[in-house]
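Coordinates in review
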Amino acid sequence: MRFRALNRLALRCRYEQFIPGALHPDGQRYLPQIVVTLLEVGPDTVPGTQLCLVDRHHRVDPRLVGQVVIVRLLCALSTIHLQTPPIRAGFVSSTNPPTMPLSEPVVYGQVMETEAWEVQRSHLPFETLYTELVIGLADEVTIGLRTTLSAPRIADLIGCERLTPGDWIEVRRSRIDILALEADLVSTSP
């Protein structure tokens, strides 16, 4: 299923570094990585926090290094859980303080849209959930989430029967995919 909310995802950052994939013994390259500094990404994001992202789909133009860009990110293969107070929003290191760019941050945010919510209960001794969500981190800052979860009871795993717009969630152990990266035409500086 294609993530339909692609155009509604937007996260502003400074594109710091392009790391081409190392050469493979067969002559091909491993996937490239990029390092970005997050800008205006939720009150719980420490200023200057960097993410290290793998460009799995070769969407990133290395000529944009040094520019402020808009990235469209999708958390995949994640665990999700309803937040308990105090409510948080942003990217947080699982180790404090972060000593290097984060590759698997904890993401806190609010469900803005539930694009898919499919729970299967038949033929297995456990439930499975496939979901696609749009998560808000700050004003006009959104990322996507696509994941599949399994548990004896999904509601016990995530903390409720179904996530709906307005719910605050915690996302862990994500693989963060870059769906798009483009120059921020509105501003050229942070």
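Description of the structure in this document. This one's a predicted model, so the numbers in the text were calculated from it and none came from an experiment.

**Points about the overall build of the chain**
Broken down by element type, the chain carries 1 helix and 11 strands. Sequence-ordered secondary structure for the chain, helices as α and strands as β, is β-β-β-β-β-β-β-β-β-α-β-β. Its C-alpha atoms give the chain a radius of gyration of 17 Å, near enough to 16 Å, the size a compact globule of 190 residues would have. With the C-alpha coordinates of the chain rotated into their principal frame, the extents come out at 50 × 45 × 35 Å. By the burial criterion, 47% of the 190 residues in the chain qualify as buried.

**Here's the deal with the nonpolar core**
Leu11, Leu73, Phe91, Leu137, Ile143, Leu163 and Leu181 are the most contacted members of the largest nonpolar core, which totals 39 residues. Counting residues per element, this core draws most heavily on strand β9 (residues 141-151), at 5 residues. Residues Phe3, Ala5, Leu6 and Val134 belong to the second largest nonpolar core, which totals 7 residues.

Cut-offs and rules
- Residues numbered from 1 in each chain as written.
- Predicted model: local features only at pLDDT ≥ 70, side-chain atom pairs only at ≥ 80, totals over all residues.
- Heavy atoms only, no water.
- Helix = DSSP H or I, 4+ residues; strand = E, 2+ residues; numbered from the N terminus.
- Rg over C-alpha atoms; globule rule 2.2 N^0.38 Å.
- Buried < 20%, exposed > 50% of the residue type's maximum accessible area, 1.4 Å probe, protein only.
- Core = buried A, V, L, I, M, F, W, Y, C linked by side-chain atoms within 4.5 Å.

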